[in-house]
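Analysis of the macromolecular model
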Amino acid sequence: FMAGTGGGVVIIVHGVLTLPAGNTFLVPSTQTFQLAEPGPYVVWHDFQTTIKGKVFNKPSELPDQTTITLTHNGREIPTARLWSSTITSGQHRKVSIARYHIEEPGAYSLTVEGLDEPRVFTFSRPIFKPLFQAILSGVFLILFGWLGASVWVAVVLILRSRAGDA
């Protein structure tokens, strides 16, 4: 029982603590990233945050004239379908605003233009799949621990009952 519960909690906490942090930066600007792995990447608008000692408390929506462009070897990478999500952690809030599927490792440039005042963006791997996997694995281990403990108790009680009948 205790091993399953403790192990499950450890798996969940480890999963949360090892979520991809990403690269946080001020925009408008162009940032270059060395992406080592193909797969999905997300652009986040950190609309309530602190960076380099400065507090940002902006609307979650971006101005209509804002453009976000990701390029690799001079070629624009198309945006992929995005299910917008908002993450809150303490006083920090961010919303996903663009998603890209990277086909090959290499240098990628992200350009953000059309903003009349500085904002904070983060470019990272998605966090929901690893978070879901950690929670699911942890819950499975907790349930398995409880089930194992229950079976063990039942077997012990049955064996004691039979020993008492003899």
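Residues numbered from 1 in each chain as written. Predicted model: local features only at pLDDT ≥ 70, side-chain atom pairs only at ≥ 80, totals over all residues. Heavy atoms only, no water.

Quick look at the side chain of Thr-66 now. Looking at the element boundaries, Thr-66 is found in the loop between β4 (54–57) and β5 (67–72). A polar contact is formed between the side chain of Thr-66 and the backbone oxygen of Pro-63, at a distance of 2.8 Å. (Helix = DSSP H or I, 4+ residues; strand = E, 2+ residues; numbered from the N terminus. Polar contact = N/O pair within 3.5 Å; in protein donor to acceptor, adjacent residues only side chain to side chain.)

In the predicted model, the chain carries a mean pLDDT of 81, and the fraction of residues at 70 or more is 75%. Long-range and interchain partners of residues 14–19, a stretch whose pLDDT sits below 50, account for five contacts in this model, where long-range means more than four residues apart. (pLDDT = per-residue confidence, 0-100. Contact = heavy atoms within 4.5 Å.)

Attention now goes to the sheet that holds strand β2 (residues 29–35). With antiparallel pairing, the four strands of this open sheet are ordered in space as β2-β9-β5-β6. The open sheet terminates on both sides in strands that have one partner only, identified here as β2 and β6 (75–77). Pairs of neighbouring strands in the sheet enclose a mean axial angle of 30°, with direction left out of account. Where β5 lies against β6, three bridges are found, and the strand directions are antiparallel. Its bridge partner being in β6, His-72 is matched across the sheet by Arg-75. (Pairing = 2+ DSSP bridges. Axes fitted to C-alpha atoms, helices over the stretch in contact; angles between N-to-C directions.)

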